Amino acid sequence: MKELLILVIVSVFTLATYYLTETLPSKVNEIHAESHGFAYADLPALTKKGNAARGKALVMGAGACSGCHAITVAGNPAPMDPVTAASAYGVNPPDLSNVGAVYSPKFLAALIKNPAHALILEHKFNAKNGRSFPMPQFYGAGGDKDQEIADMVAYLQSIAVPKDKLTPDIAFQTACGRCHAVHYTKWTQIGQTPKFKKEQAKLEFRTKELNYQDSLIAYLGKLPPDLSMYIRSRGEEYINNFMEDPQNYIKGTAMPRVGVSKEGAEKVMDYLKKAGDPKAAERTSVGKDVMIFLVIFAIFAILWKKEVWKDLH
Amino acid sequence: MAHFTKATSIHDWFNQRLGIDTVNRVLATEYWIPKNINFLWAMGMILAVTFGLLLVSGIFLLMYYQPNIHTAFDSVNYTIMQQVDFGWLWRHIHAVSASVIFLIIYIHMFTGIYYGSYKNGREMIWISGMLLFVAFSAEAFSGYMLPWGQMSYWAGMVITNLFSLGGLHLNGLVEWIRGDYIPSQAFLDRFFMLHVLLIPLIIIALIGLHFGALRIPHVNNQDGEEIDFDVESKKYLAGDKANSKVIRFMNDFLSKDMAVVAIYLVFLFYLVFWNFGFAMDPINFDPANGLQTPRDIYPEWYFLWSYEMLRPFSTNFGLMTFAFAQGIMFLLPFLDRSKNAVAASRRGWFQVWFWLLLVDMIALSAMGKMPPSGIWYDIGFTAASLFIALWVALPIITIFEKKA
């Protein structure tokens, strides 16, 4: 009985120490942010039903999207290579092939209408400082502007991969990959690092990467961090809330609101888990086996003690 | 030269040459331990087992770790954590054990303080134990540098800065310790050497001293009873095990130790697989960046109390209180003026002193991670002042203590 009491005392002080040095400080020091499920309540709701065929005509024609954006699935190649595009715009404009699957439609519509507003970058690009966001606003193609935007969004959704085929790779590369490298998955801002046969080819690729990064630095102020270990250094909750609105944690950051849908965000998270914590499943399964072994070991150890001590009492 | 006869068995062959029967008798079967003990007496074995886990996991990690400021981070977080089979397991065992070993050290220390197991001939046990605490602290700190993450770098910066000794501005000493103006390659190399060679050697030597120091005064018991080990052991050997006050180290004491160790391992490995965050700070999963100071820099939980002895005061005075906190515990056997080597519950004011010290050190630890302002500052300041007051008061309250 006395030993049980001692165990209770030791456990209480241990748990109190754990709470006071681990749980409580993280609550006190944390910057509080809440997720709203990627609903983007500040942006206007989509009221019009889009028509993909009309949308296609706008995207390829009057909307002038394809002048800057690649739409690979629709046979529209990138007008420039990533390095040249980045030196022109600061960052390579995204391939629109799968944006309909990764981004929230509401966000896409708001982005077409007024990019700096949707991206929450008006502190950086505004009339006062005379800087304008590299992507121009869509002023309408002569008809009902909201209808035209709905059509374009419908078209982008129609060409994107279906929801069940959206992979973590597609989501990450579309939403994050033009600014963030993940060297544990060999992802660079200009694409997946290929296998090189010759040192020259490797250096050539590296040079392109560095040139691209220079443009990014000029555009954003600093090189966006490599996200390889972000799942461990920031954790899911932080990444989730940060993706939803970077201003949550870093006021005035140059990182735009990403605008991913809830599903898109989940896929991005899967990608980061694969990059920074790929052994999570193995940890649990090995852990279970080890626990079974240790419990059996403990039973035998206790039985041995009882056996040895029966003569001692 | 001794006389050797033809060996009758392999055992006999070794026994003639190495005296293994004698060794076994002296170190195990006739190494006498009091019977009147509880599971807190198993902390030594738990520490030995945990140190063993650290040593073995460390050897495996050492096979893939690269002490280079450009590759260290990835060799840990990519090569070991992702590419090497079960590398993640070794790292988790190493990181969690390194943290938990301090919990056990603190329990071990407070057990010693509670039962007065540091006086009347047991002074060297306490002092060698305190030396081990310092060596383990150095080992933990040097190991924390190795992944070369943000916390490695900035903790290295902050702690080595302490050696400028505030107003003395001994910047040359800091540079000498770092091998550079800032933590860099030379810094990482020397802390790598300290972590994998020099400090482990010192720890192993000190463990030997610690065990040796136990031999003559023997382990204390729950009631602080003075046992005549010769009489009691004769009783045991004569077959009266039930009435003897002593037990053999092996298997009697060991069997109890192993039962406690086994239960402890269930707890330890639960942490290794499912609750390791406390031992692997998220900030250290960002690679070291000398141009970007993290918002919060704090030590691991086990250093927080001494860190908080530093923080509430001005630089120079804080360094003095910090040094006081590091050194004063060594003197415990001499500051406690009472002869009573019994449980604190039978020692009047000392009992109050004991629980206050424990609560105060936990309060200091908690404040060490809080922002040093407002109410947190006040609590930290009070707790740090109380810590000093407690140690100043110790000789006074114990000198008037009645014989228990």
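Residues numbered from 1 in each chain as written. Chains lettered and ligands numbered in written order. Predicted model: local features only at pLDDT ≥ 70, side-chain atom pairs only at ≥ 80, totals over all residues. Heavy atoms only, no water.

1. As for the overall build of chain A
In step 1: Each helix and strand in chain A was counted, giving 13 helices and 2 strands.
In step 2: Taking 2.2 N^0.38 as the reference for a compact globule, 313 residues should give roughly 20 Å; the C-alpha atoms of chain A span a radius of gyration of 26 Å, well beyond that estimate.
In step 3: Taking the intrachain contacts of chain A between residues at least 6 apart in sequence as the baseline, contacts between residues at least 24 apart amount to 68%.
In step 4: A total of about 16400 Å² of accessible surface is found on chain A, and carbon and sulfur atoms cover 61% of it.
In step 5: Charged side chains in chain A number 37 positive and 31 negative. The centres of these two groups are separated by 2 Å. (Helix = DSSP H or I, 4+ residues; strand = E, 2+ residues; numbered from the N terminus. Rg over C-alpha atoms; globule rule 2.2 N^0.38 Å. Contact = heavy atoms within 4.5 Å. Areas by Shrake-Rupley, 256 points an atom, 1.4 Å probe, with all protein chains shown as cover. Lys, Arg positive; Asp, Glu negative; His and termini not counted. Charge placed at Lys NZ, Arg CZ, Asp CG, Glu CD.)

2. A short note on the domain arrangement of chain B
The figure often quoted for interface size is the accessible area lost as the parts come together.
Residue and element names in this part refer to chain B.
In step 1: Examined at the domain level, chain B breaks down into domain 1 (16–297) and domain 2 (304–404).
In step 2: For domain 1 versus domain 2, the separation of C-alpha centres amounts to 23 Å.
In step 3: Across the boundary between the two partners, domain 1 contributes 25 residues, which contact 30 residues of domain 2.
In step 4: Note on domain 1 versus domain 2: buried area summed over both sides is about 2400 Å², and carbon and sulfur give 69% of it.
In step 5: Where domain 1 meets domain 2, there are 1 salt bridge.
In step 6: In this structure, the salt-bridge partner of Asp336 is Lys119, at a minimum N-O distance of 2.7 Å.
In step 7: Counting every contact that joins domain 1 to domain 2 gives 10 residue pairs in polar contact (both at pLDDT 80 or more).
In step 8: Per element, the largest residue contribution to the side of domain 1 that touches domain 2 is 6 residues, and it comes from helix α6 (residues 123–145). (Domains from an automatic or database assignment. Buried area = accessible area lost by both parts, 1.4 Å probe. Salt bridge = Lys/Arg side-chain N within 4 Å of Asp/Glu carboxyl O. Polar contact = N/O pair within 3.5 Å; in protein donor to acceptor, adjacent residues only side chain to side chain.)

3. As for the nonpolar core
In step 1: Counting residues in each nonpolar core, the largest one holds 136 residues, and the members touching the most others are B:Phe102, B:Phe387 and B:Trp391.
In step 2: Excluding residues within four positions of it along the chain, B:Phe387 makes contact with B:Trp305, B:Met309, B:Phe324, B:Ala325, B:Ile328, B:Met329, B:Leu357, B:Asp360, B:Met361 and B:Leu364.
In step 3: Grouped together as the second largest cluster of nonpolar side chains are 62 residues, A:Phe38, A:Leu156, A:Tyr212 and A:Val258 included. (Core = buried A, V, L, I, M, F, W, Y, C linked by side-chain atoms within 4.5 Å. Buried < 20%, exposed > 50% of the residue type's maximum accessible area, 1.4 Å probe, protein only.)

4. Section: helix α9 (residues 185–215) of chain B
Residues and elements named next belong to chain B.
In step 1: Under the 1.5 Å per step criterion, the end-to-end length of α9 is 44 Å for 31 residues, consistent within 8% with the ideal 45 Å.
In step 2: Along α9, the sharpest kink reaches roughly 45°, centred on Leu194.
In step 3: Among all positions of α9, only Phe187, Leu188, Phe191, Phe192, His195, Ile199, Pro200, Ile203, Leu206, His210, Ala213 and Leu214 are buried.
In step 4: For α9, the elements touching its buried residues are α3 (43–62), α4 (72–83), α5 (87–114), α6, α7 (150–161) and α8 (171–178). (Expected span 1.5 Å × (residues − 1). Bend = angle between axes of the 7 residues up to and from the residue.)

5. Here we look at the interface of chain B and chain A
In step 1: Every contact between the two is made by 60 residues of chain B and, on the other side, 53 residues of chain A.
In step 2: Across the chain B to chain A interface the summed buried area is about 5100 Å²; carbon plus sulfur atoms make up 69%.
In step 3: Considering only the surface of chain B that becomes buried against chain A, B:Phe39, B:Gln82 and B:Trp88 emerge as the three largest contributors, covering 11% of it.
In step 4: Counting the contacts that link chain B with chain A gives 3 salt bridges.
In step 5: Of all elements in the fold, only α4, α5, α11 (249–274) and α15 (349–367) of chain B reach the threshold of two or more residues within the side of chain B that touches chain A.

6. Thoughts on the pattern of salt bridges
All names here are of chain B.
In step 1: Counted according to the given criterion, the structure contains 21 salt bridges over all chains.
In step 2: Taking the shortest distance from any N to any O, the salt bridge between Lys235 and Glu232 comes out at 3.5 Å. In this pair, Lys235 and Glu232 are both assigned in helix α10 (residues 229–237), 3 residues apart and thus about one turn of the helix distant.
In step 3: Look at Glu232 and you get buried, because its relative accessible area is 9%.

7. Things to note about the domain arrangement of chain A
In step 1: The assigned domain composition of chain A is domain 1 (1–30), domain 2 (31–278) and domain 3 (282–313).
In step 2: On a C-alpha basis, the centres of domain 1 of chain A and domain 2 of chain A stand 45 Å from each other.

8. Looking at the packing of aromatic side chains
In step 1: Across all of its chains, the model carries 53 aromatic pairs over all chains by this definition.
In step 2: Members of the aromatic cluster, connected to one another through ring pairs, are A:Phe13, B:Trp41, B:Phe110, B:Tyr114, B:Tyr115, B:Phe354 and B:Trp355.
In step 3: Cation over ring: B:Arg215 sits above B:Tyr31, and NZ or CZ is 4.3 Å from the ring centre. (Phe/Tyr/Trp six-rings, centres within 6.5 Å; stacked < 30°, edge-to-face > 60°. Lys NZ or Arg CZ within 6 Å of the ring centre and 35° of its normal.)

9. Digging into the confidence of the model for chain B
Interpreting fine coordinate detail is not advised for predicted regions of low pLDDT.
In step 1: In the predicted model, chain B carries a mean pLDDT of 96, and 100% of its residues have values of at least 70.
In step 2: Here the prediction assigns the complex a pTM of 0.95, and the interface score ipTM is 0.96. (pLDDT = per-residue confidence, 0-100.)

10. Details of helix α11 (residues 235–244) of chain A
All names here are of chain A.
In step 1: With 7 of 10 residues buried, α11 lies mostly within the body of the structure.
In step 2: Taken as a whole, α11 has its buried residues at Gly235, Ile239, Asn240, Asn241, Phe242, Met243 and Glu244.
In step 3: Contacts made by the buried residues of α11 are with α10 (230–233) and α12 (262–276).

11. Some thoughts on the state of the cysteines
In step 1: Summed over the entire model, instances satisfying the criterion amount to 0 disulfides over all chains.
In step 2: Free cysteine A:Cys65: the closest other cysteine sulfur is in A:Cys68, separated by 9.0 Å. (Disulfide = S-S within 2.5 Å.)

12. Considerations on the side chain of B:Arg122
Residues and elements named next belong to chain B.
In step 1: Position of Arg122 relative to the elements: it lies in the loop between α5 and α6.
In step 2: Although buried, Arg122 forms no salt bridge, and the nearest oppositely charged side chain, Glu226, lies 7.8 Å from it.
In step 3: When sequence neighbours within four positions are dropped, the list of residues in contact with Arg122 reads Ser117, Pro217, His218, Val219 and Asn220.

13. Some details on unusual backbone geometry
The general pattern is negative phi for most residues beyond glycine and trans for most peptide bonds.
Residues and elements named next belong to chain B.
In step 1: Omega for the bond connecting Met250 with Asn251 falls within 30 degrees of zero, at 5°, which places this linkage in the cis form.
In step 2: In this fold, Asn251 is placed in helix α11.
In step 3: Residue Phe86 is not a glycine yet carries a positive backbone phi of 60°.
In step 4: Take Phe86: it is sitting in the loop between α4 and α5.
In step 5: Positive phi, close to 50°, is recorded for His169, a residue that is not glycine.
In step 6: Note on placement: His169 falls in the loop between α7 and α8.

14. Considerations on the packing of α6(B) against α7(B)
Residue and element names in this part refer to chain B.
In step 1: Running from N to C, α6 and α7 point in directions that differ by 130°, and their axes come no closer than 8 Å. Here α7 runs oblique to α6, going by the angle between their axes. Here α6 contributes Phe141, Tyr144 and Met145 to the contact with α7, which in turn contributes Met151, Ser152, Ala155, Gly156 and Ile159.
In step 2: Of the residues belonging to the contact of α6 with α7, the class tally is 6 nonpolar, 2 polar and no charged. (Axes fitted to C-alpha atoms, helices over the stretch in contact; angles between N-to-C directions. Parallel < 35°, antiparallel > 145°, perpendicular 65-115°, else oblique. Nonpolar A, V, L, I, M, F, W, Y, C, P; charged D, E, K, R; others polar.)

15. Points about the environment of B:Trp305
Residue and element names in this part refer to chain B.
In step 1: Checked against the element boundaries, Trp305 lands in helix α12 (residues 304–308).
In step 2: Accessibility expressed as a relative area gives 4% for Trp305, which makes it buried.
In step 3: Note: C-alpha distance between Trp305 and Thr50 (255 residues apart in sequence) is 23 Å.
In step 4: Within polar-contact distance, the side chain of Trp305 engages the side chain of Tyr106 at 2.8 Å.

16. Section: a nonpolar patch on the surface
Residues and elements named next belong to chain B.
In step 1: On the surface, a cluster of nonpolar side chains totalling about 560 Å² of accessible area is made up of Leu62, Met193, Val196, Leu197, Leu198, Leu201 and Ile202.
In step 2: Of all the elements, α9 adds the most residues to the nonpolar patch, at 6 residues.
In step 3: Of note, Leu62 is situated in helix α3.
In step 4: Leu62 sits in the partly exposed class, given a relative accessible area of 37%. (Patch = residues over 30% accessible without salt bridge, like charges linked within 9 Å, V, L, I, M, F, W, Y side chains within 5 Å.)

17. Side note on the side chain of A:Lys279
In step 1: Relative to the elements of secondary structure, A:Lys279 occurs in the loop between α12 and α13 (280–309).
In step 2: Comment: no salt bridge for buried A:Lys279; closest opposite-charge side chain is A:Glu282, at 4.1 Å.
In step 3: Among residues more than four places away in sequence, those in contact with A:Lys279 are B:Met81, B:Gln82 and B:Trp88.

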